[in-house]
Amino acid sequence: MTLCILASVARRQTVVTCFSATARMRTSILPFRQQYQHRAQNQNQQPPRRLISTCRHMSTEITPGASLSVERIAELEEQIKQKGDQIRQLKADGTEKADLAPHIAELKALKAELDPPKEKKAPQKKQTNNAPNNKKKPAAAEELSDSELKAARLSKVDAMREAGVEPYEYTFQITQTASQLASAYENKLEPGEEDEASDVSIAGRIMARRVFGKLAFYTIQDESGTIQLQLDKTRLEGDSFKNLKAWTDVGDIIGVQGSVRRTDKGELSIHANEWKMLTKAALPLPDKYHGLTDVSKRYRSRHLDLIVNPNVRDTFRKRSLITSSLRQQLNDMGFLEIETPVLHSQSGGAEAKPFETYHNSMDLNLTLRIATELHLKRLLVGGFEKVYEVGRIFRNEGISTRHNPEFTSIELYQAYVDYSDMMELTEQLVCGMAMSIGDSLTLPYGEDMISLERPWRRVTMHDVVKEQMPDFDFAALDPNDPDSLSKAKEAALAAGVAFSKVDGLTTVGYVLNMCFEELCEAKLVQPTFVIDYPVEVSPLAKPHRTKPGLVERFELFATGRELANAFSELTDPVDQRQRFEAQAAKKAAGDEEACDVDEEFLQALEQGMPPAGGLGIGIDRLVMLLTNSPSIRDVIAFP
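The following paragraphs examine the structure supplied in this document. Just so we're clear, the structure is a prediction, and the values are computed from it rather than from any experiment.

Conventions adopted
- Residues numbered from 1 in each chain as written.
- Predicted model: local features only at pLDDT ≥ 70, side-chain atom pairs only at ≥ 80, totals over all residues.
- Heavy atoms only, no water.
- Buried < 20%, exposed > 50% of the residue type's maximum accessible area, 1.4 Å probe, protein only.
- Helix = DSSP H or I, 4+ residues; strand = E, 2+ residues; numbered from the N terminus.
- Pairing = 2+ DSSP bridges.
- Phe/Tyr/Trp six-rings, centres within 6.5 Å; stacked < 30°, edge-to-face > 60°.
- Lys NZ or Arg CZ within 6 Å of the ring centre and 35° of its normal.
- Core = buried A, V, L, I, M, F, W, Y, C linked by side-chain atoms within 4.5 Å.
- Contact = heavy atoms within 4.5 Å.
- Salt bridge = Lys/Arg side-chain N within 4 Å of Asp/Glu carboxyl O.
- Polar contact = N/O pair within 3.5 Å; in protein donor to acceptor, adjacent residues only side chain to side chain.
- Axes fitted to C-alpha atoms, helices over the stretch in contact; angles between N-to-C directions.
- Patch = residues over 30% accessible without salt bridge, like charges linked within 9 Å, V, L, I, M, F, W, Y side chains within 5 Å.
- Areas by Shrake-Rupley, 256 points an atom, 1.4 Å probe, with all protein chains shown as cover.
- Lys, Arg positive; Asp, Glu negative; His and termini not counted.
- Charge placed at Lys NZ, Arg CZ, Asp CG, Glu CD.
- Parallel < 35°, antiparallel > 145°, perpendicular 65-115°, else oblique.
- Left-handed = near helix turned anticlockwise from the far one by under 90°.
- Nonpolar A, V, L, I, M, F, W, Y, C, P; charged D, E, K, R; others polar.

Description of the pairing of strand β6 (residues 225–232)
Extensive coverage of β6 is indicated by the burial of 7 of its 8 residues. The sheet contact formed by strand β5 (residues 215–222) and β6 spans 8 bridges and is antiparallel. Bridge pairing in β6 places Ala216 opposite Leu231. Once β5 ends, the chain turns through 2 residues before running back antiparallel as β6. Pairing of β6 with strand β8 (residues 268–279) involves 3 bridges; the strand directions are parallel. By the bridge assignment for β8, Gln228 is matched with Ser269.

Description of the packing of aromatic side chains
One pass over the full model with this rule turns up 7 aromatic pairs. Each member of the aromatic cluster is reached from another via a ring pair, and the members are Trp456, Phe529 and Phe554. Geometry around Tyr533 places Arg553 over its ring, the cationic atom sitting 4.4 Å from the centre.

A short note on the nonpolar core
Core analysis: the largest hydrophobic core is formed by 45 residues, its most contacted members being Val465, Phe474, Cys515, Phe516 and Val530. Going through the elements one at a time, α10 (373–381), α12 (461–468), α13 (484–494), α15 (508–520), β18 (528–534), β19 (550–558) and α17 (599–607) are the ones with two or more residues in this core. By residue number, the principal contributor to this core is α15, which donates 8 residues. Those residues in contact with Cys515 that lie beyond four places of it in its chain are Val465, Met469, Phe474, Ala492, Val497 and Cys520. The next biggest cluster of nonpolar side chains, apart from the first, holds 43 residues, and it includes Leu425, Trp456, Ala558 and Ala566.

A word on the pattern of salt bridges
Under the defined criterion, the tally for this structure stands at 35 salt bridges. Ionic pairing is found between Arg319 and Asp620, a salt bridge with its closest N-O pair at 2.7 Å. Of this pair, Arg319 sits in helix α9 (residues 310–332) while Asp620 sits in helix α18 (residues 619–627); the two residues are 301 residues apart in sequence, bridging distant segments of the chain. For Arg319, a relative accessible area of 13% gives the class buried. We classify Asp620 as buried; its relative accessible area is 2%. Between Arg553 and Glu555 there is a salt bridge whose closest N-O contact spans 3.2 Å. The exposure classification of Arg553 matches that of Glu555, with both residues buried.

Here we look at unusual backbone geometry
With omega at 0 degrees, the peptide bond leading from Arg454 into Pro455 counts as cis. Examined against the element boundaries, Pro455 turns out to sit in the loop between β16 (448–451) and β17 (457–460). Despite not being glycine, Asp532 has its phi angle at roughly 65 degrees, a positive value. Inspection of the secondary structure puts Asp532 in strand β18. Note on Asp532: relative accessible area 2%, which makes it buried.

Some words on the side chain of Glu389
One can find Glu389 in strand β13 (residues 386–394). Within the local environment of Glu389, its side chain forms a polar contact with the side chain of Thr340, the two groups lying 2.5 Å apart. When near neighbours in sequence (up to four residues on either side) are disregarded, Glu389 contacts Glu337, Ile338, Glu339, Thr340, Arg369, Thr372, Leu376, Ser409, Ile410 and Glu411.

Structural notes on the sheet that holds strand β9 (residues 336–337)
The mixed open sheet is built from 8 strands, whose spatial order is β9-β13-β14-β21-β20-β19-β18-β17. At either margin of the open sheet sits one strand with a lone partner, and together these are β9 and β17. The strands touched by α9 are β9, β13 and β14 (406–415); relative to β13, the strand with the most contacts, the crossing angle is about 150 degrees. Contacts between α12 and the sheet are confined to β17, β18 and β19, with β17 contributing the most and set at about 85 degrees to the helix.

Describing a positive patch on the surface
A cluster of basic residues, Arg209, Lys214, Lys233 and Lys245, forms a positive patch at the surface. Mapping Lys214 onto the fold places it in the loop between β4 (194–212) and β5.

Quick word on the environment of Leu236
Mapped onto the elements, Leu236 comes out in the loop between β6 and α6 (240–247). Judged by relative accessible area, Leu236 falls into the buried class, the value being 5%. Residues Leu236 and Ala272, spaced 36 residues apart in sequence, show a C-alpha to C-alpha distance of 7.4 Å. Excluding residues that lie within four positions of it along the chain, Leu236 makes contacts with Leu231, Phe241, Ala272, Asn273, Glu274 and Trp275.

Some points on the packing of helix α16 (residues 573–588) against α17
Viewed as axis vectors pointing N to C, α16 and α17 meet at an angle of 165 degrees, and their least axial separation amounts to 9 Å. When the interaxial angle is binned, α16 and α17 end up roughly antiparallel. Seen along the crossing, α16 lies across α17 with a hand that is right-handed. The residues of α17 that touch α16, namely those facing Pro573, Gln576, Arg577 and Phe580, are Glu599, Phe601, Leu602, Leu605 and Glu606. Of the residues that constitute the contact of α16 with α17, the class distribution is 5 nonpolar, 1 polar and 3 charged.

What to know about the side chain of Ser259
Along the chain, Ser259 falls in strand β7 (residues 253–262). Overall, the relative accessible area of 3% leaves Ser259 in the buried class. There is a polar contact of 2.4 Å between the side chain of Ser259 and the side chain of Glu194. One polar contact links Ser259 to Arg235, side chain to side chain, over a distance of 2.8 Å. Leaving out residues up to four positions away in the same chain, Ser259 has contacts with Glu194, Asp195, Ser198, Arg235, Ser269, Ile270, His271 and Asn273.

Topic: the sheet that holds β4
If you trace the 5 strands once around the closed barrel, you get β4-β5-β6-β8-β7, paired in mixed fashion. The sheet shows a mean angle of 55 degrees between the axes of neighbouring strands, direction not considered. Contacting β4, β5, β6 and β8, α6 crosses the sheet at an angle of about 65 degrees to β8.

What to know about the packing of α12 against α15
It is at 10 Å that the axes of α12 and α15 come closest, and there the two elements cross at 55 degrees. On the basis of their axis angle, the class for α12 and α15 is oblique. As for how α12 packs across α15, the hand of that crossing is left-handed. Across the interface between the two elements, Met461, His462, Val464, Val465 and Gln468 from α12 touch Leu512, Asn513, Cys515, Phe516, Leu519 and Cys520 from α15. For the contact of α12 with α15, the per-class residue count stands at 8 nonpolar, 3 polar and no charged.

This is the structure:
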């Protein structure tokens with residue numbers, strides 16, 4: 001905060017002197033007050049009236065009608081910050097420039113009101129006052145560059161080593177964490193009271209540093225939270241307090257041993273007996289007040305994001321609990337986690353464009369896996385009956401709030417069950433994961449409240465599309481009628497599906513699936529199983545036992561996005577080969593997402609695979625739901 005002292009002097013001149021309350025300020029208010037008082041007394045005048053106000057710059061000329069109230073300045077700064085955050089998020093989401101333009105214009109208007117362009121001043125005549133003017137202008141506080149800050153901190157490293165102190169320690173014995181101490185002393189100790197029998201050691205990163213002569217208060221942060229340190233010169237031995245002031249900066253990691261007390265203001269603190277530098281930080285943390293607000297920089301510098309944003313750490317802590325719960329539930333059911341290859345000789349198991357690579361010594365073109373499905377099914381052929389893998393998947397596709405080229409999924413396969421059993425298992429697993437991080441199955445997500453209470457809605461793709469196209473029924477079309485495709489396309493266009501989306505589709509099943517994606521998917525906010533898909537879009541699912549042209553498949557949707565996908569698995573090797581060949585024909589025609597004919601998988605299938613149900617869950621999207629995170633990049637540590 002910058003303080004401005006306005007002193008009215010003779011001839012209606014206004015002198016504005018600004019002072020910065022930063023640590024690097026080289027001037028103080030008192031000398032100028034004394035100077036003005038002395039000058040007024042010599043001129044037999046009353047001491048000038050002083051007005052303390054908030055300034056945004058080191059020097060400001062105040063003219064009638066040009067100033068803003070403190071409240072309006074604060075309001076404008078908050079609006080600018082919010083609008084800037086919104087624009088950065090829109091950019092991260094891939095919003096087009098044309099759509100960004102009105103937001104940018106609004107931001108510029110706010111900035112112009114806060115800091116209008118300065119008018120050019122007319123040249124002023126020099127004063128002819130013969131009296132010498134020995135008044136010195138106060139020096140403006142200078143911001144140090146990153147390199148200068150780094151050099152200053154590293155000089156402290158050298159000073160410590162010259163004093164025989166290691167600035168990068170090897171170990172430190174910790175007895176409690178910040179949260180453990182807060183819990184242990186909840187509703188204990190009156191203000192000013194100390195537990196003299198306590199002896200605790202704690203370590204963490206310095207987040208705030210306040211020094212008052214012979215007393216200092218630091219706030220340190222460990223994984224569990226923050227706690228205050230009270231460091232008293234009379235309590236620390238030798239030059240320890242002097243070194244504390246000289247060597248430490250915000251961002252350093254220190255260890256402290258002492259007793260627990262509550263300050264006169266009621267703050268739980270560690271009253272230090274000794275302190276130790278554990279890691280000297282060479283770079284400062286992001287600005288205390290504005291923090292790390294640039295969305296792209298937050299993702300690129302996730303380590304800083306975790307330091308300064310406790311809610312981000314909480315998200316990844318919950319993610320770990322969610323995946324641990326998932327594994328524990330499956331292990332308790334008798335499933336085995338078995339790892340499968342990441343490098344494949346050909347892509348398969350899903351419709352997606354793969355990343356391609358090359359094996360030098362084997363002179364072999366390879367792809368990164370787009371699914372774990374085919375290898376896990378081969379384990380069923382080999383005799384395992386319950387298998388799963390939590391693993392990274394790589395798809396060479398675009399980035400959005402719900403898509404990332406590298407993501408985590410779980411695929412599991414169980415012999416002798418079908419897709420109905422997989423629905424029951426999905427409900428059980430998701431509810432178990434939700435309860436592992438909370439105590440309710442009703443969760444907030446954005447502006448909605450999501451209920452995970454079982455059972456979840458089950459609806460066929462035909463029925464959910466008919467809800468949005470009440471005047472047309474795909475199920476009533478005759479698959480043998482050559483006019484069915486044109487009728488389906490006309491109905492899709494009439495319902496609002498774009499012509500470019502429909503024009504190249506070759507079967508009624510493709511049109512039905514497109515209508516679902518364009519008209520229905522975003523409206524499925526509460527957990528919903530959409531079942532019985534067209535065979536054209538499900539090359540690995542078993543044909544529906546009672547509905548020709550469909551397969552026994554479901555996808556789970558919530559908050560308008562897909563969370564899970566499951567089949568009654570196809571076990572007929574002849575049918576599977578025909579579907580693979582249809583996919584290969586699409587790929588030859590230019591479809592980069594179509595899969596190849598996997599001869600090794602077909603050979604395994606010809607050995608005989610038992611009836612089975614398979615399930616895939618997108619871990620990242622599920623964590624988004626359970627942690628109320630708007631973007632998939634918010635739940636991937638290093639997207």
